[in-house]
Amino acid sequence: MASYLFCLPRYHTNAVPWMRILTAAGHKPSVDVMALGPTENYELIQPVRHDSGRLSRFMGAIGIGKKRELQSFPGVRAYWRHMQTIDPDVVIVRGITRWFCRLAALFAVLQGRRLVIYDQEDVAPAKWSGTWLRRALLKRLGIPHFTSRVDLTREGEANAGRAVSLPFGSPLGEEETRAFATRPLAWPPRLLMVAKYRDRKGHALLLAALGKTAAKTPFTISFCGEEASDADTRFRNALENQAADLGISERVSFLKNIPHSQMADVYSGHDLFILPSRNEPAAVSPVEAAWAGCAVLISRDSGTRGYLPPGDEYHFDPESSDDMARAIRAILSGPEQLAHARAQCRAHLEDIGSSETILKKFESFIASKPR
């Protein structure tokens, strides 16, 4: 069995399936972070949060680095000893643009450990792009990359900047996963959006699209998000007013501050998940929703678009409420169409992101020793 150390500026719940898969196989994952989020899921693993070191604070003070936690790094000698104490077989760092990840990557190399870089960019980036250059250079040094994005190109296509595609995986236990695959469909359908109350997430555009479909399409919709500030509350109030202006307020409800441990119940209480956010690099909520038995519609520019079946029926233009309404009307044209979409989304996930597939990719990092 092997030990894996994940060095992340902040631990995100999207990593929970990886922790579960590695732990279930007898491996030992651990996580180092510089900041802890208040709504993340820490039930399976408790990350170790490190304080900013003296050098990090000095660099921030003179303008070389940044003072924010996510941009800081631990004490140099203290972290060297910390990594020696953990003694990981594999060190996985979240990119090399943050000082903490740079420090961890350097120490992994100097201590002779297997170093792997994790990013959320395309599997096969455009030639001579920044991502392509960074990956190609590190690959020549024997340092591999993996990305949470799904491979949308031809497998094995020549590309010096190609990374291993390592999907997020199912956040559910095996028993829940099987049960949600066959749960009954509700009609009129129950729609769901899970996202922070931020303008770029697209709540208002989704409401506009629903207003255009409401006369002929039955539905109710729940918005689920974190309401942790006055700005969040004002944003939610604005959405309530918009729903009233569109004449659909009786179909709209709001859920707030639901712990991640309870989100499976939220997903499984709905039939169609919609995420209209723009330029989302790695949204995990659509993946969780599909594993819980929802059909999913997503912005065509989302980093997790590849987790859904190909075809226009599963995506839309995030800048166009008309195109969003088109996709919603098509998938809600009847119970049969919605049931088919649910089954297709689930089957595609099982094909690309089974626990067995993900485990084999993690274990492949152990099989290839550093140069």
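Residues numbered from 1 in each chain as written. Predicted model: local features only at pLDDT ≥ 70, side-chain atom pairs only at ≥ 80, totals over all residues. Heavy atoms only, no water.

As for unusual backbone geometry
Part 1 of the argument: In this model, tryptophan 187 is joined to proline 188 through a cis peptide bond whose omega is 5°.
Part 2 of the argument: Here the phi dihedral of tryptophan 128 falls at roughly 75°; this positive angle occurs in a residue that is not glycine.
Part 3 of the argument: Residue placement: tryptophan 128 occurs in the loop between strand 5 (114-119) and helix 5 (130-140).
Part 4 of the argument: Given a relative accessible area of 58%, tryptophan 128 falls into the exposed group.
Part 5 of the argument: Despite not being glycine, asparagine 279 has its phi angle at roughly 50°, a positive value.
Part 6 of the argument: Mapped onto the elements, asparagine 279 comes out in the loop between strand 11 (272-275) and helix 10 (285-291). (Helix = DSSP H or I, 4+ residues; strand = E, 2+ residues; numbered from the N terminus. Buried < 20%, exposed > 50% of the residue type's maximum accessible area, 1.4 Å probe, protein only.)

With respect to the packing of aromatic side chains
Part 1 of the argument: With the rule as written, the count across this model stands at 20 aromatic pairs.
Part 2 of the argument: Relative to phenylalanine 107, the ring of tryptophan 80 lies with its centre 5.0 Å away and its plane at 80°, an arrangement referred to as edge-to-face. On the criterion of sequence distance, the pair formed by tryptophan 80 in helix 3 (residues 76-86) and phenylalanine 107 in helix 4 (residues 99-110) is long-range, its members being 27 residues apart.
Part 3 of the argument: By relative accessible area, which is 5% here, phenylalanine 107 ends up buried.
Part 4 of the argument: Residues tyrosine 118 and phenylalanine 146 carry aromatic rings whose centres are separated by 5.0 Å and whose planes lie at 15° to one another, so their mutual orientation is stacked. Taken together, the positions of tyrosine 118 in strand 5 and phenylalanine 146 in strand 6 (residues 145-147) put the pair 28 residues apart, joining distant regions of the chain. (Phe/Tyr/Trp six-rings, centres within 6.5 Å; stacked < 30°, edge-to-face > 60°.)

Details of the sheet that holds strand 13 (residues 315-316)
Part 1 of the argument: Judged by pairing direction, the sheet is parallel, and its six strands sit side by side in the order 10-9-8-11-12-13 without closing on themselves. Each having just a single partner strand, strand 10 (252-256) and strand 13 make up the two edges of the open sheet.
Part 2 of the argument: Alignment of strand 12 (residues 295-299) against strand 13, held across two bridges, turns out to be parallel. Within strand 13, the residue paired with serine 299 across the bridge is phenylalanine 316. (Pairing = 2+ DSSP bridges.)

Some thoughts on the pairing of strand 10
Part 1 of the argument: By the bridge criterion, five bridges tie strand 9 (residues 220-225) to strand 10 in an arrangement that is parallel. Residue pairing for strand 10: isoleucine 221 is matched across the bridge by valine 252.
Part 2 of the argument: Note that the unit made of strand 9, helix 8 (residues 230-246) and strand 10 has a crossover that is right-handed. (Right-handed = clockwise from strand over helix to strand, strands pointing away.)

Points about the packing of helix 7 (residues 203-213) against helix 11 (residues 321-331)
Part 1 of the argument: Running from N to C, helix 7 and helix 11 point in directions that differ by 60°, and their axes come no closer than 8 Å. On the basis of the axis angle, helix 7 is oblique to helix 11. As for how helix 7 packs across helix 11, the hand of that crossing is right-handed. From helix 7, Leu205, Leu206, Ala208, Ala209, Leu210, Lys212 and Thr213 reach across to helix 11, where they touch Ser321, Asp322, Met324, Ala325, Ile328 and Arg329.
Part 2 of the argument: Residue composition of the contact of helix 7 with helix 11, by class: eight nonpolar, two polar and three charged. (Axes fitted to C-alpha atoms, helices over the stretch in contact; angles between N-to-C directions. Parallel < 35°, antiparallel > 145°, perpendicular 65-115°, else oblique. Left-handed = near helix turned anticlockwise from the far one by under 90°. Contact = heavy atoms within 4.5 Å. Nonpolar A, V, L, I, M, F, W, Y, C, P; charged D, E, K, R; others polar.)

Some words on the environment of serine 333
Part 1 of the argument: Tracing the backbone through its elements, the reader meets serine 333 in the loop between helix 11 and helix 12 (335-352).
Part 2 of the argument: A C-alpha to C-alpha distance of 7.4 Å links serine 333 and threonine 217, two positions 116 residues apart in sequence.

Regarding the sheet that holds strand 1 (residues 3-7)
Part 1 of the argument: Taken together, seven strands build an open sheet; the order of strands is 3-2-1-4-5-6-7 and the sheet is parallel. For this open sheet the edge positions go to strand 3 (48-49) and strand 7 (164-165), each flanked by a neighbour on one side alone.
Part 2 of the argument: Pairing analysis gives five bridges linking strand 4 (residues 90-94) to strand 5, with the strands arranged parallel. By the bridge assignment, valine 91 is partnered in strand 5 with leucine 115.

A short note on the environment of alanine 290
Part 1 of the argument: Mapped onto the elements, alanine 290 comes out in helix 10.
Part 2 of the argument: Each C-alpha atom, one on alanine 290 and one on serine 268, is 9.4 Å from the other, the two residues being 22 residues apart in sequence.
Part 3 of the argument: With sequence-adjacent residues up to four places away left out, alanine 290 is seen in contact with Val296, Cys345, Arg346 and Leu349.

With respect to helix 5
Part 1 of the argument: Every buried residue of helix 5 is accounted for by Thr131, Trp132, Arg135, Ala136 and Leu138.
Part 2 of the argument: In the core, the buried residues of helix 5 are packed alongside strand 5 and strand 6.
Part 3 of the argument: With its phi angle positive at about 85°, glycine 142 sits one or two positions after the end of helix 5.

Considering the nonpolar core
Part 1 of the argument: By size, the foremost hydrophobic cluster in this structure holds 84 residues, and its most contacted members are Phe6, Trp18 and Phe362.
Part 2 of the argument: Setting aside chain neighbours within four positions, we find tryptophan 18 in contact with Phe6, Tyr118, Phe146, Leu166, Pro167, Phe168, Ile358 and Phe362.
Part 3 of the argument: Counting residues in hydrophobic clusters, the runner-up holds 20 residues, among them Met34, Met83, Ala104 and Ile117. (Core = buried A, V, L, I, M, F, W, Y, C linked by side-chain atoms within 4.5 Å.)

Examining a positive patch on the surface
Part 1 of the argument: A contiguous patch of positive charge on the surface is contributed by Arg54, Arg57, Arg77 and Arg81.
Part 2 of the argument: Tracing the backbone through its elements, the reader meets arginine 77 in helix 3.
Part 3 of the argument: A relative accessible area of 69% places arginine 77 in the exposed class. (Patch = residues over 30% accessible without salt bridge, like charges linked within 9 Å, V, L, I, M, F, W, Y side chains within 5 Å. Areas by Shrake-Rupley, 256 points an atom, 1.4 Å probe, with all protein chains shown as cover. Salt bridge = Lys/Arg side-chain N within 4 Å of Asp/Glu carboxyl O. Lys, Arg positive; Asp, Glu negative; His and termini not counted. Charge placed at Lys NZ, Arg CZ, Asp CG, Glu CD.)

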